[in-house]
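Commentary on secondary and tertiary structure
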Amino acid sequence: MSLNGSFLSDEQFQCSICLDVFTNPASTSCGHSFCMSCISRYWDGCKVYQCPLCKKTFPKRPDLHINRTLREITEQFRSTRGGGGGVKEKRGGRTRGGIHHNLFDELKKKLPRHHSKTSVTPTCEAQFKTADCLPVTTSQASSVPNHNPFAALNHNHGPPPPAVCSSHSSGRRRFTVSGAASSHNLPVCETHRRGLVRYCKTDQVCLCPECETEDHWDHDTVTVEEEWMQTKVQLSMSEQEIQEMIRQRITKIEEIRMSVTELEMTVERETAGSVCLFSALVSAIEHSQAELMEVMEMSRKAAEHQADAMIRQLELEVEELRRRENALSELTQSEDYVHCVKTFPILSTPPRAKDWSGVSVNSDVGTGTIYRSLAAQMESFQEQLKTIAETGFPASVLAPSPVRTQPRIKRVQEYAVDVTLDSNTAHPRLIMSEDLKSVRCVERHQMLPDNPERFDRVICVLGREMIFSGRHYWEVEVGGKTDWDLGVAKESINRKGAIEVTPSNGYWFLSLRDKNKYAFRSKASTDVDLNLRPNKIGIFVDYEKGQVSFYNVDAKLHIYTFNDTFSECIYPFFSPCTNKSGKNDGPLIITPVNMNE
């Protein structure tokens, strides 16, 4: 049906509040339509929600939605009028804006008259007196209420009673819309200068009614106070959860400290027992005793270091949780609803924390294997004594027996894995073999893509094997090189620019500099003296224990063990260092593990 008929007028598409053509029209349940922004401002700050035309009272503030059909008809009507939205009045004719004069007069007679030009109901009058109220009024008012003729004729409602807020003049009636925020000192919207009394659950932001109408009309919105009352329930639950997490961690700290104490007592008992055991066979098993003491001391230090690291991490988590607990406690007492709603989602989310339920200090002092080896040695010693008693000392016995070497390397070699190099991480100056088992440094950079995984400053390369659990062992031939770095690095390390290679940054290294200066890359670099220069280095990783150990493969000697806590994947790390004009051009070679040597 064409909208150009004479029976359609501007007044039929006008909002009764702003007296202008509808903008985003919204209809109430009583059938009357208004601009979404006008009716929202009209109801702001009111305790009783009524229709401005028929005075129908709603039990709660209606959740209005834009009447899309009426909006499309209004836009089409606006376009047929050349975009004009003004009210047309035929001064001397029979029609007013397209409504027949007799019908207009009939509607006019049914409307009650106001006795005062500036009468304001107590509800709105109280709003205007509020300090935080930001009233928005129109320039003119009318004694004839302008309402939607469609609603008046089609829904059989009686003539509308007087508006809640109105003023009278020679023109039409126009409703006065209050912009009261609340009795609290709420922040004001920087765009519309209105109180932030609404909260958008969809975007999780506080906003004013104008923002709600313009940008959030199809979102899930409530008042800030309603949102805070819902949030307050969640806040109490979050406090209880954090208190329980603190209790669990304090209990775990005591458990770890008790484990360390028990371990120290175990070491003392083992030490005293070993002295008694070796007293009768000191000359034959002196080296075994020294080895046993070394293993126990290493186990004790490793356990202490592991316990200290876990306690430090737990104490940091407790400190962070207590800060959050205090912040949540302060938030409970706060009256600043906007601040509370903004802050609570951040504070209620527990910080990323490790699950400590299965974590404990390793209580194995590592002496079982040595005792078994000692028992076998004693049996052999008894057999030799019997032979000597019967036949005397053979020539071979008179020669000094060789010193037994460190047995731990035999155990770790059982966890040998096949390690290869990852060319995508290699510095442009590194050349790798076709089987990805050796790497060396050249003078010039190669033309390689600068992908995120590649190191661009430090001359190094990672292995392709990802370590996230279990035990792993591999060997690297260093030959006659003067400089190199070997160890492991975590997955999230920085690979661009200068890098500080310390355990706190995710690197666990053994390094050689200037042919004879060995050092461990700890927070303060630790120098180490090696009596035998290694030709081949063995690297052993126990992920669950947080240990990275280094061995002299040829001498079968343990060199050093890092003790830490791993929280993400780690990878083998190789750096042949710069070639120093040919003095250090030898490659690092990943060799097969030979357990028969």
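Residues numbered from 1 in each chain as written. Predicted model: local features only at pLDDT ≥ 70, side-chain atom pairs only at ≥ 80, totals over all residues. Heavy atoms only, no water.

1. With respect to the overall build of the chain
Tallying secondary structure elements over the chain gives twelve helices and 22 strands in all. Scored against the burial criterion, the 597 residues of the chain give a buried share of 44%. Long-range contacts, defined here as pairs at least 24 residues apart, represent 68% of the contacts in the chain between residues at least 6 apart. Carbon together with sulfur atoms contributes 50% to the accessible area of the chain, which is approximately 31,700 Å² in total. (Helix = DSSP H or I, 4+ residues; strand = E, 2+ residues; numbered from the N terminus. Buried < 20%, exposed > 50% of the residue type's maximum accessible area, 1.4 Å probe, protein only. Contact = heavy atoms within 4.5 Å. Areas by Shrake-Rupley, 256 points an atom, 1.4 Å probe, with all protein chains shown as cover.)

2. Some points on the environment of Asn552
Within the secondary structure layout, Asn552 lies in strand β19 (residues 547-552). Taking the C-alpha atoms as reference points, Asn552 and Ile539, 13 residues apart in sequence, are found 9.4 Å from one another. Beyond its immediate sequence surroundings of up to four residues, Asn552 is in contact with Ile409, Leu532, Arg533, Pro534, Lys536, Leu557 and Ile559. One polar contact links the side chain of Asn552 to the main-chain amide nitrogen of Ala555, over a distance of 3.2 Å. (Polar contact = N/O pair within 3.5 Å; in protein donor to acceptor, adjacent residues only side chain to side chain.)

3. Thoughts on the pairing of strand β20 (residues 557-563)
Taken across its seven residues, β20 has five buried, putting it largely inside the fold. Pairing analysis gives six bridges linking β19 to β20, with the strands arranged antiparallel. From the neighbouring strand, Val548 faces β20, where its bridge partner is Phe562. Where β19 folds back on β20, the antiparallel hairpin that results is connected by four residues, among which Lys556 adopts a positive phi of roughly 55 degrees. (Pairing = 2+ DSSP bridges.)

4. Description of the sheet that holds strand β7 (residues 198-200)
The strand order across the open sheet built from three strands is β8-β7-β9, with neighbouring strands paired in antiparallel fashion. The open sheet has two free edges, formed respectively by β8 (205-207) and β9 (221-223), since each of these has just one partner strand. Geometrically, the sheet is characterised by an average inter-axis angle of 35 degrees between neighbouring strands, direction not taken into account. Note: β7 against β9, three bridges, orientation antiparallel. Among the inter-strand pairings, Cys200 is bridged to a residue of β9, identified as Thr221. (Axes fitted to C-alpha atoms, helices over the stretch in contact; angles between N-to-C directions.)

5. Overview of the sheet that holds strand β12 (residues 461-462)
One key point about sheets: their strands pair by backbone hydrogen bonds, in either a parallel or an antiparallel sense. In space, the six strands of this open sheet follow the order β12-β21-β14-β15-β16-β17, with antiparallel pairing throughout. The sheet is open, and its two borders are formed by β12 and β17 (526-528), each paired with just one other strand. Both strand β14 (residues 484-490) and strand β15 (residues 507-513) contribute to a ladder of six bridges, which runs antiparallel. When the sheet's bridge partners are listed, Asp485 is paired in β15 with Ser511.

6. Some points on the side chain of Thr425
Relative to the elements of secondary structure, Thr425 occurs in the loop between α12 (408-412) and β10 (430-432). The exposure class assigned to Thr425 is buried, which follows from its relative accessible area of 2%. If near-sequence neighbours (up to four positions away) are discounted, Thr425 is found in contact with Glu453, Arg454, Phe455, Cys460, Val461, Leu462 and Arg495.

7. A look at the packing of aromatic side chains
Within the structure shown, the criterion is met by 16 aromatic pairs. When the ring of Tyr507 is compared with that of Phe509, the centres are 5.5 Å apart and the planes differ by 65 degrees; the resulting orientation is edge-to-face. Residue Phe509 is classed as buried on the basis of its relative accessible area of 1%. Taken together, the aromatic side chains of Phe455, Tyr507, Phe509 and Phe573 make up a single cluster linked through ring pairs. (Phe/Tyr/Trp six-rings, centres within 6.5 Å; stacked < 30°, edge-to-face > 60°.)

8. Digging into the pattern of salt bridges
Enumeration according to the criterion identifies 23 salt bridges in this entry. Linking Arg257 and Glu315 is a salt bridge whose minimum nitrogen-to-oxygen distance equals 3.6 Å. Here Arg257 is found in helix α7 (residues 224-278), whereas its partner Glu315 is found in helix α8 (residues 282-333), with 58 residues between them in sequence. Of the residues examined, Arg257 reaches a relative accessible area of 41% and is grouped as partly exposed. A salt bridge links Asp450 to Lys496, with the shortest nitrogen-to-oxygen separation between them at 2.7 Å. (Salt bridge = Lys/Arg side-chain N within 4 Å of Asp/Glu carboxyl O.)

9. Quick word on helix α2 (residues 68-80)
For α2, with 13 residues, the first-to-last C-alpha span of 18 Å sits near the 18 Å given by 1.5 Å per residue. By the burial criterion, the buried members of α2 are Leu70, Thr74 and Phe77. Burial along α2 is one-sided: seen end-on, the buried residues are contained in an arc of 65 degrees. The outward face of α2, more than 90 degrees from its buried face, is lined by the exposed residues Thr69, Glu72 and Ser79. Buried-residue contacts for α2 involve β1 (25-27) and β2 (33-35). Put simply, Asn67 is the residue that caps the front of α2, since its side-chain oxygen is 3.3 Å from the backbone nitrogen of Thr69. (Expected span 1.5 Å × (residues − 1). Arc of directions from axis to C-beta.)

10. A few points about unusual backbone geometry
In this model, Gln204 sits at a positive phi of 55 degrees, which is unusual for a non-glycine residue. Within the element layout of this structure, Gln204 appears in the loop between β7 and β8. Even without being glycine, Lys580 reaches a positive phi, approximately 50 degrees. The exposure class assigned to Lys580 is partly exposed, which follows from its relative accessible area of 34%.

11. Some points on the confidence of the model for the chain
Overall, the predicted model of the chain reaches an average pLDDT of 75, with 72% of residues at or above 70. Contacts of residues 1-6 to residues separated by more than four positions or lying in other chains number eight contacts, the stretch itself having pLDDT below 50. (pLDDT = per-residue confidence, 0-100.)

12. Description of the state of the cysteines
Within this structure, the stated rule accounts for zero disulfides. Lacking any disulfide linkage, Cys208 is separated from the closest cysteine sulfur, that of Cys211, by 3.5 Å. Looking at Cys441, it has no disulfide partner, and the nearest cysteine sulfur is the one in Cys577, 8.6 Å off. (Disulfide = S-S within 2.5 Å.)

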